[in-house]
There are 2 protein chains.
Amino acid sequence: MDIASSKFENVGPFTRAWEWLKALPVKLWAMAVEFANKMKKLGQDDPRKIVHSLKVGVAITLVSLFYYVRPLFDRFGENGIWAVLTVVLVFEFSVGATLGKGLNRMLATLSAGALAVGVDRVATLFDRTGQAIVIGILIFIIVATVTFMRFFPALKARYDYGLSIFIMTFCLVSVSSYGDDEFLEMACERLYTIIIGSFIAIIVCICVCPVWIGETLQNQIANNLEKLGNFLEGFGREYFRLPEEGHSTDDKSFLYGYKSVLTSKDKEETMANLARWELWHYRFGFRHPWNRYLKVGTLTRQCAYKLEDLNSYLKYFEIQTPTEFRREMQEPCIKICSESGKALKELASAIKKIRQSTSVNFHVANLKIAAENLKSLLNTSTFENANLREIIPTAAVGLILIDIVPCTEKIVEAFQELASRARFERMDDRVSPSNDV
Amino acid sequence: MDIASSKFENVGPFTRAWEWLKALPVKLWAMAVEFANKMKKLGQDDPRKIVHSLKVGVAITLVSLFYYVRPLFDRFGENGIWAVLTVVLVFEFSVGATLGKGLNRMLATLSAGALAVGVDRVATLFDRTGQAIVIGILIFIIVATVTFMRFFPALKARYDYGLSIFIMTFCLVSVSSYGDDEFLEMACERLYTIIIGSFIAIIVCICVCPVWIGETLQNQIANNLEKLGNFLEGFGREYFRLPEEGHSTDDKSFLYGYKSVLTSKDKEETMANLARWELWHYRFGFRHPWNRYLKVGTLTRQCAYKLEDLNSYLKYFEIQTPTEFRREMQEPCIKICSESGKALKELASAIKKIRQSTSVNFHVANLKIAAENLKSLLNTSTFENANLREIIPTAAVGLILIDIVPCTEKIVEAFQELASRARFERMDDRVSPSNDV
C-alpha cells in the first residue's frame, strides 16, 4: 500500500480518480467474495438459519402465487394482499416468536376493529363537524393510553407487537369508516385475510423443521452450566499443578468459554418470554416453569462472576508459591474444583436429557466435605516466616473455592425445583419402573 | 383469607360461585387501582414516557384528521391511509429509533418498489403461465436471500426493519402488478404517502421535547462510572473501619448500586446502534465515536466484576482480623478506594459535561503510589504465629484493590481516547482562553 500511495503522489487528481475507478471492480469483487464467505460461515455455524430463509421463501411465494392467480382470494379481492403482508411480518425464526406475533396480530386486529366500530357508531350520532371532533378526541385518548401501556415491562415483554398493531388497526378502521358504508365489510375481510396469513405462517413454521425457542433456551442454560463445569475442572488441574508435574500442553480454551455466560441475561429473558407462547410443544405444555430456567440462569451467572475472579488469580501463578503450602492446599482445592465441575456438568446433561439427577447429590456431599477440609486447613495453618505475598494468592483462591460451594448448592436446589415443577423424568423410574407399581 | 375459605367449606358449589361473583367487582376494582398506581409510578419515574405518549397521540390524531377531512390527501385517495400507518409504525421513543425506522422504511420502500417494477417488466415478456412462474421464482430467491441477510449481525443491528419492509413492499408491488395497469401509479402514491408519514413522525419526534438516545447512552455510561465510584468510596470506609471507630450508620445502598452495571451490555449496544442515526444532533454529528462509549462501558463492566468480588469479602468482616494487620493495611487500601472512586466519579462528571478532565491524572498518580505502597507492604510483611484464616480475607481484598488500579487506568485511557475523538471541551481553554491566542 505504501508503494502504491507514493506512486500517486506526483500525479494529478484526475489520474488518481481514474486509478481509483480502475481499481473499483477489483475492490467490489473482493467485497462480494468476502460477503459470500461471511454468508457461508453464518450458514455453516447454524444451518437452521438457511432452513429458515428457505421456509420463509416458500411460504411467501405460495401465498403470493395464490393471490396472484386468484383461486383462493377471489372472495377477498384487493384485501387478499393483507394475507401476504401478514405472512411477511409474522414469520419469525422460532415457533414461539411466530406464534406470539401471529396471536398478537389476530387478537389486536379483532379487538381494535371492534372498538373502532363502536367509536364509529358513537360518532354517527353527531353532525359532520362533531363527528370529526369526537373521532379526533377518541383517537387521541386511545392512542396516547395504549402508547403509554407499551412501557409496562410486563406488557412490553409479551404484547408489544399486539399493542402497536392495535393502534394501527384502530386508526385505520376509525379513519376509513368516514363516508364509506362498506367499511365494515372491508374491515371483516381484512380480519379474515390476516387470520389466514397468520395461520399459514404459524403452520409452515411449526410443520417444516421447527425451531422451538424453549429447546434453545434449555440448551443454552445447559451449555452455560457445562462451560462453568469445564472451567472449574480445568482450573483445578491448571492452578494446582506442582512444579515437578511440569507444564501442561492442554488446550486452554476452557478458560474463556465461561465469558459469554457473564452477559447472557437479556438473551435468556427474551427467550423465556417467547417460549411462553409455545403451548403446543409436546414437552413443554401450558404451564412449563420458564421462570425456573431463568432462576438457574441467574445463579449460573452469579457463579460465573466468581470464576471471573478465579481467572484473575491465574496470573499470580508465576509467583513461586511455597511448594509446601501449595502441596497442603492442593488436595482439597482440586477436590472442590473437580466435584463442583462434575456436579455442574451432571446438571447440564440432566437438563439436556430432561431427567432428574441422583448422582449430583453425591457430588454435592463430596463438595461439602472438601470445603470443610479446606476451611479447617486454613483455620489451623500458621506459617512462620512465610512471605504473605507468596501465600496470599493461593489462599485467596481457596476462599473463593469455598464460596463456590454454596453457589453450586444453590444451582442444584434451583435445578431440583425446576425438575420437580417441570416433571423431569425420574432416573430410577426408568431403570426399574416396576418399583412404583 | 383463611377464615373466608373455612367459611366456604360447608357450602355447595353454587353458593361458592355466587360468593366469588359477588366479590368480583371488588377484585376488579382493586386490580384497576393497582394498575393505575403502577401507571402513575411509571410516569413519575420517567416523565418523558408520558410526554412521548402525548406526542404520539397528537401526531396520529393530526394525520388521521387530515385524512379524515381530506384537505391534504385528496390527491392520494385511499392510499393516504399509508401515511397514518407509517406514523403509527415509525414513531418511537427516541429520535434515533424514529430516524432509523423512518429512513429504513423510506429507503426500503423505494428500492423494493424499483426492484419489483423491474421484475414486472421482465415477467411481461412471458405469457400468462410463464409470468406466474417467473414471478414465483424471483420472489422465492429474493425473499430467501433477504431473510438470510437479516441474520448478519451488522445488518441486523441497523437495517433489520428496513429489510423486513423491503420484503413486504417487494411482494406487495410484484403481486399487485398483475392485471393492473395502474399499479405503478399506486406504488408511487404509496411511496409519497410513506415519505410524508415518515417525515411527520420524524419532525414531531425531533421538535417536541426530543429524547436523544445518544444523550441517554452518555448519561448511562456516566452513571455507571459514578455507581462504581460510590461503591469504591463506600467500601473503603466500610471495610477498613477499625473496631475503635465503631459501627457506621450510613446508608448502605451504594453497596448494591453497581449491580445493574454487571448486565448492562445489551442495552448499551442497542443504544449505540440507535444513536448512530442521530446525525443531526448539534453535539454528536456525523462521526461521533459511539464505539468508544461502548469501550468505556465494557471496561466499566470488567471493573464491576471485581467489585462483585470485593463485595463478597464484606461477609468476612465479622471475622476479627488482627487489628494490627488491618491497621497496617488500612492506609494504602483506603487511599486506593478513595482515589479510584474519585477518579471514576471525575470521569462520570466529565462525560456528563462533555469536557476533558485534567484532575483525573492527579488521582491516577496517587492511585499508583498507593498501589506500590500496598504491594511492598504485602511483600515485606511476615506475620509470625498469625492465623491464616484471619489474615487472608483482608490480604485478598488488598490484592483485588491492586487489580483495580490497572482497571481504573484502562478506563481513564479509554475515556481520554473518547474525549479526543469526540472533541470534548478542554478545561484549560475555558478557564484561560487567552493562553492559546
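Calculation rules
- Residues numbered from 1 in each chain as written.
- Chains lettered and ligands numbered in written order.
- Predicted model: local features only at pLDDT ≥ 70, side-chain atom pairs only at ≥ 80, totals over all residues.
- Heavy atoms only, no water.
- UniProt positions renumbered as here; feature names shortened; annotations may be inferred.
- Helix = DSSP H or I, 4+ residues; strand = E, 2+ residues; numbered from the N terminus.
- Buried < 20%, exposed > 50% of the residue type's maximum accessible area, 1.4 Å probe, protein only.
- Contact = heavy atoms within 4.5 Å.
- Areas by Shrake-Rupley, 256 points an atom, 1.4 Å probe, with all protein chains shown as cover.
- Buried area = accessible area lost by both parts, 1.4 Å probe.
- Salt bridge = Lys/Arg side-chain N within 4 Å of Asp/Glu carboxyl O.
- Polar contact = N/O pair within 3.5 Å; in protein donor to acceptor, adjacent residues only side chain to side chain.
- Patch = residues over 30% accessible without salt bridge, like charges linked within 9 Å, V, L, I, M, F, W, Y side chains within 5 Å.
- Least-squares fit on C-alpha atoms with pLDDT ≥ 70 in both.
- Phe/Tyr/Trp six-rings, centres within 6.5 Å; stacked < 30°, edge-to-face > 60°.
- Core = buried A, V, L, I, M, F, W, Y, C linked by side-chain atoms within 4.5 Å.
- Axes fitted to C-alpha atoms, helices over the stretch in contact; angles between N-to-C directions.
- Parallel < 35°, antiparallel > 145°, perpendicular 65-115°, else oblique.
- Left-handed = near helix turned anticlockwise from the far one by under 90°.
- Nonpolar A, V, L, I, M, F, W, Y, C, P; charged D, E, K, R; others polar.
- pLDDT = per-residue confidence, 0-100.

- Naming follows an unreviewed UniProt entry, where chain A appears as Aluminum-activated malate transporter of Carya illinoinensis.
- As recorded by UniProt, the Sequence similarities (unreviewed entry) comment attached to chain A reads in full: "Belongs to the aromatic acid exporter (TC 2.A.85) family."

**Points about the overall build of chain A**
Thought 1: Along chain A, the regular secondary structure elements total 17 helices and zero strands.
Thought 2: By the burial criterion, 52% of the 437 residues in chain A qualify as buried.
Thought 3: Taking all contacts inside chain A whose residues are at least 6 apart in sequence as the whole, residues at least 24 apart take part in 81%.
Thought 4: Split by element, the accessible area of chain A, about 20,900 Å² in all, is 60% carbon and sulfur.

**Remarks on the interface of chain B and chain A**
Thought 1: Between chain B and chain A, the contact holds 84 residues from the first and 84 residues from the second.
Thought 2: A combined buried area of about 7,800 Å² lies between chain B and chain A, and 72% of that area is made up of carbon and sulfur atoms.
Thought 3: The interface formed by chain B and chain A contains zero salt bridges.
Thought 4: Put simply, chain B and chain A have three residue pairs in polar contact (both at pLDDT 80 or more) between them.
Thought 5: Among the elements that line the side of chain B that touches chain A, the one with the most residues is helix α3 (residues 47-69) of chain B, at 15 residues.

**Regarding the side chain of Ser-357 of chain A**
Residue and element names in this part refer to chain A.
Thought 1: Examined against the element boundaries, Ser-357 turns out to sit in the loop between α14 (323-353) and α15 (359-380).
Thought 2: At 2.7 Å, the side chain of Ser-357 and the side chain of Glu-346 are in polar contact.
Thought 3: From its side chain, Ser-357 meets the backbone nitrogen of Val-360 in a polar contact 3.3 Å long.
Thought 4: Apart from residues lying up to four places away in sequence, Ser-357 is in contact with Glu-346, Ala-350 and Phe-415.

**What about a nonpolar patch on the surface?**
Residue and element names in this part refer to chain A.
Thought 1: Taken together, the side chains of Trp-18, Trp-20 and Leu-21 define a hydrophobic patch exposed on the protein surface, amounting to about 380 Å² of accessible area.
Thought 2: With respect to the helices and strands, the residue Leu-21 is situated in helix α2 (residues 13-45).
Thought 3: The exposure class assigned to Leu-21 is partly exposed, which follows from its relative accessible area of 45%.

**Quick notes on helix α12 (residues 265-275) of chain A**
Residues three or four positions apart in an α-helix share a direction because the helix packs 3.6 residues into each turn.
Thought 1: All buried positions along α12 of chain A are accounted for by Asp-266, Glu-268, Met-271, Ala-272, Asn-273 and Ala-275 of chain A.
Thought 2: The secondary structure elements touched by the buried residues of α12 of chain A are α7 (153-176), α9 (213-239) and α13 (290-312) of chain A together with α12 (265-275) of chain B.

**Brief notes about the pattern of salt bridges**
All names here are of chain A.
Thought 1: Counting across every chain of the model gives 34 salt bridges over all chains.
Thought 2: A salt bridge links Glu-226 to Lys-352; the shortest N-O distance between them is 3.4 Å. Remark: Lys-352 occurs in helix α14 and Glu-226 occurs in helix α9; sequence separation between them is 126 residues.
Thought 3: Glu-269 is the salt-bridge partner of Lys-265, the closest N and O atoms lying 3.7 Å from each other. Remark: Glu-269 and Lys-265 occur in helix α12; sequence separation between them is four residues, near one turn of the helix.
Thought 4: Here Lys-265 falls in the partly exposed class, since its relative accessible area comes to 26%.
Thought 5: Here Glu-269 falls in the partly exposed class, since its relative accessible area comes to 34%.

**Some remarks on the relation of the copies chain B and chain A**
Thought 1: For the match of chain B to chain A, the screw axis carries a shift of 0.0 Å, the RMSD comes to 0.1 Å, and the turn is 180 degrees. The relationship between the two copies is best expressed as a two-fold rotation axis.
Thought 2: Comparing interface residues between copies, 100% of those in chain B also lie at the interface in chain A; the contact surface is shared.

**A few points about the packing of aromatic side chains**
Residue and element names in this part refer to chain A.
Thought 1: Counted by the stated rule, this structure contains 19 aromatic pairs over all chains.
Thought 2: With 4.9 Å between their ring centres and 65 degrees between their planes, Phe-231 and Tyr-258 make a pair best called edge-to-face. Here Phe-231 is found in helix α9, whereas its partner Tyr-258 is found in the loop between α10 (254-257) and α11 (259-262), with 27 residues between them in sequence.
Thought 3: Where Phe-235 meets Tyr-239, the ring centres are 5.3 Å apart and the plane angle is 10 degrees; that geometry is what we call stacked. Taken together, the residues span about one helical turn, with Phe-235 and Tyr-239 both in helix α9 at a distance of four residues. The burial state of Phe-235 is the same as that of Tyr-239; both residues are buried.
Thought 4: Among the aromatic residues, those joined into a cluster by ring pairs are Phe-231, Phe-235, Tyr-239 and Tyr-258.

**Concerning the nonpolar core**
Nonpolar side chains tend toward joint burial in soluble globular proteins.
Thought 1: Grouped together as the largest cluster of nonpolar side chains are 146 residues, with contacts concentrated most on Leu-310, Tyr-313 and Leu-401 of chain A together with Leu-310, Tyr-313 and Leu-401 of chain B.
Thought 2: The dominant element in this core, judged by the number of residues it contributes, is helix α16 (residues 388-421) of chain B, at 19 residues.
Thought 3: Not counting the four nearest positions on each side in its chain, Leu-310 of chain B is found in contact with Phe-231, Leu-232, Phe-235, Val-397, Ile-400, Leu-401 and Ile-404 of chain B.
Thought 4: In this structure, Ile-165 of chain A together with Tyr-67, Val-117 and Ile-167 of chain B belong to the second largest nonpolar core, which totals 101 residues.

**Topic: the UniProt feature "transmembrane region" (unreviewed entry) in chain A**
All names here are of chain A.
Thought 1: The residues that UniProt annotates with the feature "transmembrane region" (unreviewed entry) are residues 50-69, 81-100, 132-152, 159-179 and 191-213.
Thought 2: Along residues 50-69 one finds 100% helix and 0% strand; the C-alpha atoms at either end are 28 Å apart.
Thought 3: Across residues 81-100, helical content stands at 80% and strand content at 0%; the span's end C-alpha atoms are separated by 22 Å.

**Quick word on the environment of Pro-332 of chain B**
All names here are of chain B.
Thought 1: With respect to the helices, strands and loops of the structure, Pro-332 is situated in helix α14 (residues 323-353).
Thought 2: In sequence terms Pro-332 and Ile-369 are 37 residues apart; their C-alpha atoms lie 8.9 Å from each other.
Thought 3: Those residues in contact with Pro-332 that sit more than four places away from it in its chain are Ala-370, Asn-373, Leu-374 and Leu-377.

**Concerning the side chain of Asp-403 of chain A**
Thought 1: Mapped onto the elements, Asp-403 of chain A comes out in helix α16 (residues 388-421).
Thought 2: In this view, Asp-403 of chain A contacts Lys-306 of chain A together with Ser-312, Lys-315 and Tyr-316 of chain B; residues no more than four positions away in its chain are not counted.

**Topic: the packing of α7 of chain A against α3 of chain B**
Thought 1: It is the contact of α7 of chain A with α3 of chain B, at a shortest axis distance of 9 Å, that shows an interaxial angle of 25 degrees. When the axes of α7 of chain A and α3 of chain B are compared, the pair comes out roughly parallel. Crossing hand, α7 of chain A versus α3 of chain B: right-handed. Across the interface between the two elements, Ile-167, Cys-171, Ser-174, Val-175 and Ser-176 of chain A of α7 of chain A pack against Ile-60, Ser-64, Tyr-67 and Tyr-68 of chain B of α3 of chain B.
Thought 2: Split into classes, the residues belonging to the contact of α7 of chain A with α3 of chain B amount to six nonpolar, three polar and no charged.

**Let's talk about the confidence of the model for chain A**
Residue and element names in this part refer to chain A.
Thought 1: Per-residue confidence for chain A gives a mean pLDDT of 84; residues scoring 70 or more make up 86%.
Thought 2: Low pLDDT, under 50, characterises residues 1-8; the stretch is placed with two contacts to residues that sit more than four places away or in other chains.
Thought 3: Low pLDDT, under 50, characterises residues 429-437; the predicted model gives this stretch four contacts beyond four residues in sequence or across chains.
Thought 4: Scoring the predicted complex yields pTM 0.85 and, for the interface, ipTM 0.84.

**Let's talk about the environment of Ser-338 of chain B**
Residue and element names in this part refer to chain B.
Thought 1: Within the secondary structure, Ser-338 sits in helix α14.
Thought 2: Residue class for Ser-338 comes out partly exposed when judged on its relative accessible area of 21%.
Thought 3: Along the backbone, Ser-338 and Glu-233 are 105 residues apart, and their C-alpha atoms lie at a distance of 4.9 Å.

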